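# Chain and residue survey
Listed below are the residues making up each chain.
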Amino acid sequence: MPCRSALLRVATALSLALALCVAASAQAQARVVRVGVYHNPPKIMAGEGGQPSGILGDVLREMAQAEGWTLEPVACEWEACLAGLNNGRIDLMPDVARTDARLRLFDFHQVPALHSWSQLYRREGVIAESMLDLQGKRLAVLEGSSQQEYLQTLLAGFGLNTRFVTAPSFDAAFGLVAAGQADVVASNHHFGDLAAQRFKLHDTPLIFQPSRLFYATGKGLNPELLAAIDRRLGPWQADPASTYFQILKHWGAPLNGSRIPAVLWWSLGAVAAALLLALAFVALLKREVGRRTRELRASEDKLATILNSVDAYIYIKDTELRYLYANRQVCELFGQALPDVVGKGDSAFFDATTTLQLRAVDQQVLDSGDRLVEEETNRTHEGEVRTYLSVKMPLRNTEGHIYALCGISTDITDQRQFAQEIHQLAYYDPLTHLANRRQMIERLQQLLDDATTGHHQHALLLVNIDNFKHLNDLHGHRVGDLLLQQVAQRLNACARAGDLVARLGSDEFAILMSGLGTQPAVATRQVEQAATKLLQTVGEIPFELGSLSHRVSASIGVAMLNQPQTTVDAVLKHADMALAQAKSGGRNGVRFFRSDMEVVAAARAALEADLRDGMAKGQFLLHYQPQVDERGQMFGVEALVRWQHPTRGLVPPGSFIGLAEVSGLIEPLGLWILRTACQQLHVWSSVSGREHLCVAVNISARQLHHPDFVRQVTDILQETGARPDRLELELTESQLVEDMSGATAKMQALKALGVRLSLDDFGTGYSSLNYLKRLPLHQLKIDQSFVRDLLLDANDLSIVKAVVDMGRNLNLSVLAEGVETTAQRDMLLQAGCHLFQGYLFGRPVPVEQLPAP
């Protein structure tokens, strides 16, 4: 016993040690990242629970989730944040511009997290149109910021007496200006545009220091964090539909990528003018070599320091367009030292096309004597293409003659690409690359606003893919997406030049046709022809979706824009009503909006509301119609739904089943019918004379193609206790053809449960011996349309005999529907059919009124 006790204590200790080791291992695997968070919305700020928020905060949280990091926010002011990053108290700091000074203290990743620029903001009454206006002004800056470092260097180079007022945060800096303790404030434009409204300040045309923002770590610390950031940012920034661009859109990043802000043009012009004054001053100094050599050399060195520190490409060309001067950025771009650049023309550095374009602009400046602002796209001999915003100005001597030109070019390639991606996200569908709903609505509004719209005809076509949800449910979203992409290609191929093709969402597309002439009748014919062509193009050739070959149809609703004072919402509503008519009319068709559709739509909406209310209040009931054999003995019934409406009375299924299918209510209604019928089966199982009865239940297409249909049937059978071999599910041929392989698999599973399967309305669809052989059927039902004229039409009799023969050959029973007369029954007996259903044997009635056993 002592031995067993000792062993037990050892085992317990080992178990505890093992648990502690596992816990310690799990804790070690969860990486905690301490993140500096300071207040600089919308880029970075503290959100819920102090977690990083804003553009860079949200991006970091997405990375953390993907990498399995736990973020631990460290709230701090800017200077304190940088100090904490330097001493290791903070692992990662967002919103850090990379400068030479900071590269000595911190490490950065490679892919920029955000593009930005800096701007000055003024209070009311303060003039700040150029850098020279900052003479004698009080300039508020964030202490230790890149704006402070840049402006101190620049303004000192110009000899301006500007007093810098530092603040611990951007908020405090703006507050200084608002309180009159400073005249202007410098900040990044993301924060400044929002803060200027809040503090009632005005933006100025002084924009400077285009910058790229990064996440930073302490020197030599946490390289794996930086590698993970690059690994996430690269693919995200390459995909306009990524989380990255969704975050930018959420925080109000600029959406129009086609224009550079006008204020940037004026700002660069102002900077250019100031720098050109300095350059002109140097040129004049050079003419006084004898008397002021030492002063000139000192001024040149001072100016060279300034020009080489400016984040722009600055150069001077003579009247032959050969370089006289180039700053450090230009020399680095060309990959040559300044002595090797001077004296050469642009052909030495750019391809022939770029050289011709540059020469044309430069010559215009020399010939006109005017300052020119131009966006230039340049290609080097190595093939690198960059876009620049260039300000070019002539230089004049003391006599006023032009002897050179000076240019200042800012590289805006990244900003332009970034803006284009934002524009693509805002106005185009990422899956199909068609215009999105926003672009379509804006274009539609333009047409409605056009003063000539009342005379010119336009049309909006809404195109909906029939039964797309079934395909998506059966084969998954990947196959559904492939179909949408290929449908988009076919619609684009059908569109005329000038038509706008858009994807509005899910499986709905739109085509906006404009310029259809001035005659309504002619315009309507054009649209009808175009819509017919669209239906043919979509439906005539199957879509190849990986291993699946699938044929689809579409429904189209059309609204003509020929009504004055029409609104966008009204046009969309009218097209949608027409589309609903096309779908309810059997799909694969075109309907034009008519004014009476609004009345019909209102009635349908009221009926749908009543239908939903009826489902909730249990207003539906089942009637049963007898099925008999050749002796007239009832062997089964068909369950048929009725709606006991409180004001409409007993509503037959033909008045609401179609609406239930369109609205999606057919699925819960179908399950109710199936459950109620199975409950009745269970009741009859203990009633003498009824225990042998089978109940046939019609199954809708939406039910059959639901992924969980077999499980739903199984659950209902178990829940009600009904015998599976007494339940018969009636399917139609059209339901099966839509997805033969999927339907067959479900039917096999149902047969394995013992459920009987019947093919309803046989002969009216795609009757094929080939597919009948593959289906696990129990019975064929001859459609009543063949029984009705059986005695009058020899073709109907031939069809009935063919169905009976087919059933006999396939070992299937055959039942004739719609038998109303003795003569019809006798003719069916002669044709070999021995099972019947119809008014001759009984109408659908409540269960209490069925014939006695």
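Structure: above.
A brief look at the structure comes next.

Turning our eyes to something else, we now look at the overall build of the chain. The helix and strand inventory of the chain stands at 31 helices and 32 strands. The contacts of the chain with a sequence gap of at least 6 include a subset with a gap of at least 24, amounting to 67%. Of the accessible surface of the chain, which amounts to about 39,700 Å², a share of 52% is contributed by carbon and sulfur atoms.

Our next topic: helix α27 (residues 740-753). Its 14 residues place the ends of α27 20 Å apart at the C-alpha level, agreeing with the 20 Å of an ideal helix rising 1.5 Å per residue. Where α27 is concerned, the buried positions are Met740, Gly742, Ala743, Thr744, Lys746, Met747 and Leu750. Just past α27, the residue Gly754 takes up positive phi, approximately 105°.

Once that is clear, we can look at helix α6 (residues 170-178). The complete set of buried residues in α6 reads Phe170, Ala173, Phe174, Leu176 and Val177. Down the axis of α6, the buried side of the element spans an arc of 150°, and every buried residue falls inside it. At the C-terminal side of α6, Gly180 shows a positive phi close to 80°.

Attention shifts here to the sheet that holds strand β15 (residues 385-396). Spatially, the five strands line up as an open sheet ordered β13-β12-β16-β15-β14, and their pairing is antiparallel. Because the sheet does not close on itself, it has two edges, and the strands there are β13 (323-326) and β14 (372-379). Direction aside, neighbouring strands of the sheet carry axes that sit 25° apart on average. Of the strand pairs in this sheet, strand β12 (residues 313-318) and β13 are connected by three bridges, and their pairing is antiparallel. Bridge pairing in β13 links Ile316 to Tyr325. Here helix α14 (residues 352-368) sits on the sheet in contact with β12, β14, β15 and β16 (402-411), set at roughly 165° to β14. Of the strands in this sheet, β14, β15 and β16 touch helix α15 (residues 413-427), which is tilted by about 130° from β15.

To continue, consider the environment of Phe709. Mapping Phe709 onto the fold places it in helix α25 (residues 709-720). Residue class for Phe709 comes out buried when judged on its relative accessible area of 1%. Residues in contact with Phe709, not counting those within four places in the same chain, are Ile699, Gln703, Leu704, Leu729 and Leu750.

Turning our attention to the environment of Leu324. Tracing the sequence through the fold places Leu324 in strand β13. Taking the C-alpha atoms as reference points, Leu324 and Ala404, separated by 80 residues in sequence, lie 8.6 Å from one another. Residues within four places of Leu324 in sequence aside, it is in contact with Ile316, Lys317, Asp318, Val342 and Ala404.

Among the structural elements, Asn161 can be located in the loop between α5 (146-157) and β9 (163-167). Residue Asn161 is classed as exposed on the basis of its relative accessible area, which comes to 54%. When the C-alpha positions of Asn161 and Leu134 are compared, they lie 7.8 Å apart, and in sequence the two are 27 residues distant. Those residues within four positions of Asn161 in sequence are excluded, and the remaining contacts are Leu134, Gln135, Gly136 and Lys137.

Moving on, we get to the sheet that holds strand β22 (residues 554-560). Spatial strand order, β18-β19-β17-β22-β23: five strands in an open sheet with mixed pairing. With partners counted over all chains shown, the strands left at the sheet margins are β18 (500-505) and β23 (590-592), one partner each. Each strand of the sheet is rotated relative to its neighbour by a mean of 20°, with strand direction disregarded. Here five bridges tie β18 to strand β19 (residues 508-513), and the two strands are oriented antiparallel to one another. Of the residues in β19, the one forming a bridge with Leu500 is Leu512. The sheet strands contacting helix α18 (residues 477-494) are β17 (459-465), β18 and β19, and the helix crosses β19 at an angle near 15°.

As used in these notes, a disulfide is a covalent bond between sulfur atoms, one from each of two cysteines. Evaluation of the coordinates by the stated rule reveals one disulfide. One disulfide bridge connects Cys76 with Cys81, the sulfur atoms lying 1.8 Å from each other. Handedness here is read from the sign of the S-S torsion; for Cys76 and Cys81, about 95°, the answer is right-handed. Taking relative accessible area as the criterion, Cys81 reaches 0% and is therefore assigned buried.

Counting residues in hydrophobic clusters, the biggest one holds 69 residues, and the most contacted among them are Val695, Val697, Leu727, Leu729, Leu736, Leu777 and Leu828. Per-element accounting of this core gives the leading share, eight residues, to helix α23 (residues 666-684). In this structure Leu729 touches Leu674, Val697, Ile699, Phe709, Val713, Leu750, Val755, Arg756, Leu757 and Ser758, once residues within four positions along its chain are discounted. Core analysis: the second largest hydrophobic core is formed by 33 residues, Val463, Ile465, Ile511 and Ala531 among them.

Calculation rules
Residues numbered from 1 in each chain as written. Predicted model: local features only at pLDDT ≥ 70, side-chain atom pairs only at ≥ 80, totals over all residues. Heavy atoms only, no water. Helix = DSSP H or I, 4+ residues; strand = E, 2+ residues; numbered from the N terminus. Contact = heavy atoms within 4.5 Å. Areas by Shrake-Rupley, 256 points an atom, 1.4 Å probe, with all protein chains shown as cover. Expected span 1.5 Å × (residues − 1). Buried < 20%, exposed > 50% of the residue type's maximum accessible area, 1.4 Å probe, protein only. Arc of directions from axis to C-beta. Pairing = 2+ DSSP bridges. Axes fitted to C-alpha atoms, helices over the stretch in contact; angles between N-to-C directions. Disulfide = S-S within 2.5 Å. Core = buried A, V, L, I, M, F, W, Y, C linked by side-chain atoms within 4.5 Å.

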